[in-house]
Amino acid sequence: MRIALLTEGTQSYAQRAGGWPGRLAAGLPEHEFQRYALLSGQGPAPAREEPGSHTLALRGPRPAGRGPGAVRRRQYVVAYEQLVRALVVPRERADFAVGLYRLAELAREDGALPAFLASGAAQRVLEKAWRSPGADTAAGQPLVRDVLVAGDLLEQCLRPLSAPWYAGGLGEVDLCHVLSGGPAALPALLAKRLYGVPFVLTERGLHLREQYLGYRHAPYRWPVRALLLAFFRLLTEETYRQAAVLTPGSAYDQEWQRRCGAAPERIRVVYEGTEAVDRPAAGPEPEHPTLVWAGTLEPGSDPELMLHAFARVRAELPQARLRMYGVEGPPRYLEHCLAVAGRLGLSTAVRSGEGAPGEAEPAVVFAGRPAAPADAWERATVVVFSARAHRVPRLPVDAMLSGRALVATDVGVLREVVGPAGLVLPPGDPQGLAVACLALLGDEERRSRLGLAGRLRVQERFAVEPAVTAFREIYLEVVSRWPAFPCDDRRAGAVPQPFARPAEFWVAGRSAATPSDGPAESGAEAGEAVGSSAGPGGTAPQPRPDEELAVAADTDRAPAQVMAQAL
């Protein structure tokens, strides 16, 4: 198959060293991957793109181009007003998708969308809708500067609508795979609407949740924040509604997606594969019993809880040490942590390496960011995560791969990652955390047993091979069930046909196809083969909620066998 990978980030594919998209493409060499990246950093897009890679800058100067003429401008105004009113008038939320797709159609016809969104006409539409009767102004009355700022931010978010990626690009792929939510899903939504291309959505940490957290500290007034959050919320709902399959990176994210309107039967948890599973376990334990804490120095990671618990550990075990790894979050929060440790009677030091020869070892060392996470686990007897919220499994997974025993609070993904291979306790309980740490520090056999169990657990769940296998089956299932038609057959009255482009059409190494390859015959055979399972008009049924991709022995549920029968 030809598969388009869509991402949003601060670096292009050429600037990234490997990463999950690269591991996925390397694990599926039978498919041809095209890469589309939205760059959200401040720098410009790279001057030269790697073959098969396409980039679009979401920040910086808007793309060059002339604005629409008078007649076209009125059409833009109607569509933009429909979209904006959906953001600010609660009873018109359902019109968001209509306005969005209409803007995309206009942009595809004349490419004047960026210039229009930066024009005075668009700003007047935004101001009029924002101040209209029934508009939600609970965040405060917008000022003129809010209109200018919000208009500029919306223009940046909507840039993918006018990207030159569709005809001859996304319109000719068999499947789109969106590797993050938000604006990265816009090209996939348009490819589905214009060309009938299905898409899979993978979220490693939910985009909408991160926007809600990030906009708390954004340098904008509340009306602007409320408008942008409404845009991301409605875009997320539309993305979840249109995605063929959603693959969150954890069951914790799965619950968030369900709360945001995703259909449970279309959600499959696929853990992110990491190459670190092949890394050797950490070496011998340090001479002194040492607790290692890892996380950002901020209230959400709750380093204060760790300090209070360690004060109790130190009272029972005077030779115990604590090393805290992580960068400072809010300004001067490190000073606050040092003050808390001082009030608890704990000697402290701020350094990344070892102390000077002969220098007394402090009880608590704030060691900053390690050169590599494995360096932190080498210095640990027990690893501790005391967070109030933990959204991404990457750090605890890396800690468990070291073979060290873990103590973690029961928040976010931690219970799911640690499971029975560590000690999990309620958050905000310094006494309970101290008791758990002392129990492991005083029992070497139990530490060794839990450390080995944790290493085996994450090697099984977070290896690259299971994730690649899951996506191989998901890809085949989606294209085998989705009605499609070739890009050049997108015309008025054209009826989508199941298997009009079978999976083997874009298999790497296939000889060049010609019009005489018999698409009509293939389409007829495919339609006849799946006639009993396709609905009226060639529409394929939705997957059953209880369907399991891994059961390859069941003919009705095995995508590869369904494809073979149809072909």
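Residues numbered from 1 in each chain as written. Predicted model: local features only at pLDDT ≥ 70, side-chain atom pairs only at ≥ 80, totals over all residues. Heavy atoms only, no water.

Chemist: Give a detailed account of the overall build of the protein, specifying residues and quantitative values.
Modeler: Counting its secondary structure elements, the protein contains 20 helices and 15 strands. The proportion of buried residues among the 567 residues of the protein is 51%. For the protein, contacts bridging at least 24 residues in sequence account for 70% of all contacts bridging at least 6. For the protein, the exposed area adds up to about 25100 Å²; of that, 53% sits on carbon and sulfur atoms. (Helix = DSSP H or I, 4+ residues; strand = E, 2+ residues; numbered from the N terminus. Buried < 20%, exposed > 50% of the residue type's maximum accessible area, 1.4 Å probe, protein only. Contact = heavy atoms within 4.5 Å. Areas by Shrake-Rupley, 256 points an atom, 1.4 Å probe, with all protein chains shown as cover.)

Chemist: I'd like to hear about the pattern of salt bridges, residue by residue, with values.
Modeler: What the rule picks out here adds up to 26 salt bridges. Linking Glu172 and Arg2 is a salt bridge whose minimum nitrogen-to-oxygen distance equals 3.9 Å. Pair noted here: Glu172 is in the loop between helix H6 (144–157) and strand E4 (175–178) and Arg2 is in strand E1 (residues 2–9), with a separation of 170 residues, a long-range link. Of the residues examined, Glu172 reaches a relative accessible area of 28% and is grouped as partly exposed. A residue is classified by how much of its surface remains accessible, and Arg2, at 13% relative accessible area, is buried. Taking the shortest distance from any N to any O, the salt bridge between Arg131 and Glu127 comes out at 2.9 Å. Among the charged side chains, a salt-bridge network with shared partners connects Arg209, Glu210, Asp253 and Arg391. (Salt bridge = Lys/Arg side-chain N within 4 Å of Asp/Glu carboxyl O.)

Chemist: Could you give an account of the environment of Val144, with specific residues and numbers?
Modeler: Structurally, the position occupied by Val144 is in helix H6. Between the C-alpha atoms of Val144 and Glu127, which are 17 residues apart in sequence, the distance is 7.9 Å.

Chemist: Provide a residue-level description of the sheet that holds strand E9 (residues 348–350), including the pertinent values.
Modeler: Across the sheet, which stays open at both edges, the 7 strands sit in the order E9-E10-E8-E7-E11-E12-E13 with parallel pairing between neighbours. The open sheet has two free edges, formed respectively by E9 and strand E13 (423–425), since each of these has just one partner strand. On average, each strand axis in the sheet is tilted by 20° relative to the strand beside it, whichever way the strands run. Bridge count for strand E11 (residues 382–385) against strand E12 (residues 405–409) is 4 bridges, and the pairing is parallel. Counted as the bridge partner of Val382 is Ala405 from E12. (Pairing = 2+ DSSP bridges. Axes fitted to C-alpha atoms, helices over the stretch in contact; angles between N-to-C directions.)

Chemist: Report on the sheet that holds strand E2 (residues 32–39), specifying residues and quantitative values.
Modeler: Here we have 6 strands laid out as an open sheet, ordered E3-E2-E1-E4-E5-E6, and parallel in their pairing. Edge strands, defined here as strands with exactly one partner in the open sheet, are strand E3 (53–57) and strand E6 (245–248). Here the average twist between neighbouring strands, direction ignored, is 15°. Note: E4 against strand E5 (residues 199–203), 3 bridges, orientation parallel. When the sheet's bridge partners are listed, His177 is paired in E5 with Val200. Contacting E1, E2, E4, E5 and E6, helix H18 (residues 464–481) crosses the sheet at an angle of about 135° to E4.

Chemist: Account for the packing of aromatic side chains, naming residues and giving values.
Modeler: All told, the structure shown has 9 aromatic pairs when counted by the stated rule. Ring plane angle 70° and centroid distance 5.9 Å describe the contact between Phe96 and Phe231, whose orientation is recorded as edge-to-face. Of this pair, Phe96 sits in helix H3 (residues 96–110) while Phe231 is found in helix H9 (residues 222–242), placing the two residues 135 residues apart along the sequence. Residues Phe471 and Tyr475 carry aromatic rings whose centres are separated by 6.2 Å and whose planes lie at 35° to one another, so their mutual orientation is tilted. Of this pair, Phe471 and Tyr475 are both found in helix H18, 4 residues apart, which corresponds to roughly one turn of the helix. (Phe/Tyr/Trp six-rings, centres within 6.5 Å; stacked < 30°, edge-to-face > 60°.)

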